Amino acid sequence: MENTLFTSAIALQGDIDTRVKLASETKQAANDAAFIQMVFFIAGNQTANIKGGTKKAGQFQTVLIESHDFPKRHAQTVASIALNKKISALVKKGLDVIECKTDAETTQAVANILAENELTTVNKLKAYIAPPVDKVAKLLEAIAKLESEELESFKVAFEELLEGGSE
């Protein structure tokens, strides 16, 4: 095919592939760094012993925002994960059987405890502390968002499902 525009578009594919790979690697590196940051905060709270929802927790979050220029949302995420009772109890229980003499040993032990419990990303930590999801409420919310044509299609499909279940 002798179309220079097609040839140029095809030639750009290598550049696109390289940039997509670089973006993916960069995103993974950022996710890894965010998880390591959470490990440090969780380990640090083992000695600071700040309880979530207290004045100290609010001060901790304020310090992150005002003194360290954390975006408010990120400071809230850090505080909710690092000060969470469920995560703190899990880590404390694990640290009770391990003797850590240095901050580095404590940090590594916290990372190991989280990994043993398959809490290896910030998203997994968030899911671990999230309240249970009411599946019925979530379905009803999704149904409520359907457009009129989609809603009619859903109703027909649901009726067929009900009829098939009564046989």
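A brief structural summary. Every value quoted in this text rests on a predicted model; they were computed, and no experiment measured them. (Residues numbered from 1 in each chain as written. Predicted model: local features only at pLDDT ≥ 70, side-chain atom pairs only at ≥ 80, totals over all residues. Heavy atoms only, no water.)

1. A look at the pattern of salt bridges
Phase 1 of the analysis: According to the stated counting rule, one finds 6 salt bridges in the structure shown.
Phase 2 of the analysis: D15 is the partner of R19 in a salt bridge, and the nearest nitrogen-oxygen pair spans 3.0 Å. One end of the pair, R19, and the other, D15, are both in helix 1 (residues 4-48), 4 residues apart, so they sit about a helical turn from each other.
Phase 3 of the analysis: According to the relative accessible area criterion, R19 is exposed, its value standing at 56%.
Phase 4 of the analysis: Among the ionic pairs, E99 bridges to K101, the shortest N-O distance being 3.7 Å.
Phase 5 of the analysis: Under the relative-accessibility criterion, E99 is labelled exposed at 63%.
Phase 6 of the analysis: Since its relative accessible area comes to 67%, K101 is described here as exposed. (Salt bridge = Lys/Arg side-chain N within 4 Å of Asp/Glu carboxyl O. Helix = DSSP H or I, 4+ residues; strand = E, 2+ residues; numbered from the N terminus. Buried < 20%, exposed > 50% of the residue type's maximum accessible area, 1.4 Å probe, protein only.)

2. A closer look at unusual backbone geometry
Phase 1 of the analysis: Unusually for a residue other than glycine, N49 sits at a positive phi of about 50 degrees.
Phase 2 of the analysis: Here N49 falls in the partly exposed class, since its relative accessible area comes to 45%.
Phase 3 of the analysis: We note that E118 has phi near 60 degrees; this positive angle belongs to a residue other than glycine.
Phase 4 of the analysis: Mapped onto the elements, E118 comes out in the loop between helix 5 (103-116) and helix 6 (122-129).
Phase 5 of the analysis: In this structure E118 comes out as exposed when scored by relative accessible area, which is 60%.

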